[in-house]
Amino acid sequence: MKSIASQPVPQIPSCKIRGRLIPAYDFLPRLKRLCLSLGFNNPKITKSGKLAAPGESGSNFSNGSLPGPSGETPKSDAIVVLSTKVPYEQNWGGYSGLPEQYYRDEHGARPEETPADFILPYLQQYQFARAHIHLSSDTAGRILITLPDFLVENKRNQKGNNLKVKIEEIAEANREGLFEPLHVSGSLFTFAVAPHFRQAMDAGGDQNFPWQTGRTMPLGEGLSPEFFEFIESAGPGGKPSPFSALLLPMMPWIVAHKTPHLAATLVHLQKNFSGEREMFTATGPNDLRNLLCVAGLDIDMKGFRGRKESYFVPWQACWKRHGYCYDNIYPLIQDDLFVALMNFSKDDSALYGLDLQP
C-alpha cells in the first residue's frame, strides 16, 4: 500500500544474511588477521555477546580503558566486537515460522534478553489485527471497515493488547467531523472508509480486492505502519522495559517489516555501534592506539532442523587509526567488511604466527 503518512518514515537498517554467514569459530581468527594487516600490534579483543539495553552503559571501553583524568591511555591496540543473538529462519521472510519460536511464544517462560524477545507480544498483536480487520462493500457502494472495539478504544484487560488503530487515518468522519461507527455488533465496530484510504490501497496495487457487495476480506498487509500505533504499557513491577524507549516509537515499522526480529535487532545494534564509535572519537588524537569496532549478528540455529552450529554475520565496522580521531574514523560497510575478512586464506596464518584451530 502506498504510504500517506505526513511524518518522516523511520528508517530500518538492512543487513544481508545469505552468503554472509561465517562459522563462529572462524570469525575471530579472520578478524585478527585483518587487523594485523592494518597495522594493529597484538590487539586485545573484547567481545560483547549481549548488547546493553537503551539507557544502560554499554561501552566496552570499561575497566579503565578510557582516558582518565590525567589523560593517560592504555598502550594496547583494541578490537571490540558488538553482537546480539537473532534466531535464524529458513527463507528470511515472515517470522515465528520455526519450532523454537513457537515454543517460546507458547511457554513464554524466558525473560526478555534481546530485542527479538521484546517484540514478540507486539508482533502477535499486529498479526491478530491483520487477520481480524475486514473490508467489505454495502448495497450503497460504500467501502466499509469492521474491527474489534479494543483496537479503537482505550480499553484495558484485553490480554495486554496495546495496538491501537488510527481510525482518523482510515475512516470517514460524519457531518459533525466525528469518527463514529456506522454499525455496532457486539464488540465489532463498522466504519465507512475514507476516500484517501481507498486511494492509497489502489495506488499500492490492491486493485484486486473483491469490492462486491456482501463479500469481506481481511485487511492483511493493508494495515501498514502509518495506520496504527502501540501504546506503552508497564512491564512487571510497573516499570516499562528498557527497550521501550528505543523500539516502541518504531514498533509499527518493525512488526510490519518482512523480518521483524531482524529489524528490531538491527535498530538496537545500530544504537550500540554508534555509541561505541562516539567512544572512539572521545579518545582524541593523543591516543596512539589502533581501535576497531565490528558489529554483527550471532545467528541462533536452534529449532531449525536440529542444527546446533553457530554462525556470525559481520554487519559494519569502524577503524580509528593511531593518532587520529573524528574525520579519520574509517567506516567499513557490510560488503567491504565481508570481502576484507574473507580475503585471507589459511596459508596467511603462518605469515602472522596465528593458531587457527577452533
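Residues numbered from 1 in each chain as written. Predicted model: local features only at pLDDT ≥ 70, side-chain atom pairs only at ≥ 80, totals over all residues. Heavy atoms only, no water.

1. Some thoughts on the overall build of the protein chain
Logical step 1: Within the protein chain, the regular secondary structure consists of 10 helices and 13 strands.
Logical step 2: Looking at the protein chain as a whole, 45% of its 358 residues qualify as buried.
Logical step 3: Pairs at least 24 apart in sequence give 71% of the contacts found in the protein chain among residues at least 6 apart.
Logical step 4: Carbon together with sulfur atoms contributes 49% to the accessible area of the protein chain, which is approximately 18900 Å² in total. (Helix = DSSP H or I, 4+ residues; strand = E, 2+ residues; numbered from the N terminus. Buried < 20%, exposed > 50% of the residue type's maximum accessible area, 1.4 Å probe, protein only. Contact = heavy atoms within 4.5 Å. Areas by Shrake-Rupley, 256 points an atom, 1.4 Å probe, with all protein chains shown as cover.)

2. Here we look at the packing of helix α1 (residues 24–37) against helix α9 (residues 334–342)
Logical step 1: In contact at an axis separation of 8 Å, α1 and α9 are set at 95° when each is read in the N-to-C sense. Overall, the two elements α1 and α9 adopt an arrangement that is roughly perpendicular. Along its contact with α1, which presents Phe-27, Arg-30, Leu-31 and Leu-34, the element α9 presents Ala-340, Leu-341 and Met-342.
Logical step 2: For the contact of α1 with α9, the per-class residue count stands at six nonpolar, no polar and one charged. (Axes fitted to C-alpha atoms, helices over the stretch in contact; angles between N-to-C directions. Parallel < 35°, antiparallel > 145°, perpendicular 65-115°, else oblique. Nonpolar A, V, L, I, M, F, W, Y, C, P; charged D, E, K, R; others polar.)

3. A closer look at the nonpolar core
Logical step 1: Judged by nonpolar contacts, the single largest core of 40 residues is most densely connected at Ile-133, Leu-247, Met-251 and Ile-254.
Logical step 2: The element that contributes the greatest number of residues to this core is helix α4 (residues 120–132), accounting for four residues.
Logical step 3: The residues contacting Ile-254, other than those within four sequence positions of it, are Ile-12, Ile-119, Leu-247, Pro-260, Ala-263 and Ala-264. (Core = buried A, V, L, I, M, F, W, Y, C linked by side-chain atoms within 4.5 Å.)

4. Here we look at the confidence of the model for the protein chain
Logical step 1: Predicted confidence across the protein chain gives a mean pLDDT of 76, with 68% of residues reaching 70 or more.
Logical step 2: Scored below 50 in pLDDT, residues 92–104 shows 39 contacts in the model against residues more than four places distant or in partner chains.
Logical step 3: Here residues 349–358 is modelled with pLDDT under 50, and outside its nearest four sequence neighbours on either side it reaches 15 contacts, counting other chains as well. (pLDDT = per-residue confidence, 0-100.)

5. Considerations on α1
Logical step 1: Between the first and last C-alpha of α1 there are 21 Å, a value that for 14 residues agrees with the 20 Å anticipated at 1.5 Å per step.
Logical step 2: When we look at burial in α1, the residues that qualify are Asp-26, Phe-27, Pro-29, Arg-30, Leu-31, Arg-33, Leu-34 and Cys-35. (Expected span 1.5 Å × (residues − 1).)

6. Observations regarding unusual backbone geometry
Logical step 1: Residue Asn-42 is not a glycine yet carries a positive backbone phi of 45°.
Logical step 2: Relative to the elements of secondary structure, Asn-42 occurs in the loop between α1 and β2 (44–48).

7. Focus on the sheet that holds strand β8 (residues 188–192)
Logical step 1: The antiparallel open sheet is built from five strands, whose spatial order is β7-β8-β5-β4-β9. For this open sheet the edge positions go to β7 (183–185) and β9 (216–218), each flanked by a neighbour on one side alone. Strand-to-strand twist in this sheet, taken as the mean axis angle between neighbours without regard to direction, amounts to 25°.
Logical step 2: The pairing of strand β4 (residues 134–137) with strand β5 (residues 143–148) spans four bridges and is antiparallel. Looking at β5, one finds that Leu-135 is bridged to Ile-145. (Pairing = 2+ DSSP bridges.)

8. Some thoughts on the pattern of salt bridges
Logical step 1: Scanning the entire structure with this criterion turns up six salt bridges.
Logical step 2: One salt bridge in this structure joins Asp-138 and Arg-142, with 2.9 Å as the shortest N-O distance.
Logical step 3: The class of Arg-142 is partly exposed, set by a relative accessible area of 39%.
Logical step 4: One salt bridge connects Arg-289 with Asp-287, and the closest N-O pair in it is separated by 2.8 Å.
Logical step 5: Exposure remark for Arg-289: the relative accessible area of 3% places this residue in the buried category.
Logical step 6: It is possible to trace a salt-bridge network through shared partners that takes in Lys-16, Arg-20 and Asp-335. (Salt bridge = Lys/Arg side-chain N within 4 Å of Asp/Glu carboxyl O.)

9. Thoughts on the side chain of Thr-146
Logical step 1: Along the chain, Thr-146 falls in strand β5.
Logical step 2: The exposure class of Thr-146 is buried, given its relative accessible area of 18%.
Logical step 3: Here the side chain of Thr-146 touches Thr-190 through a polar contact of 2.9 Å, side chain to side chain. (Polar contact = N/O pair within 3.5 Å; in protein donor to acceptor, adjacent residues only side chain to side chain.)

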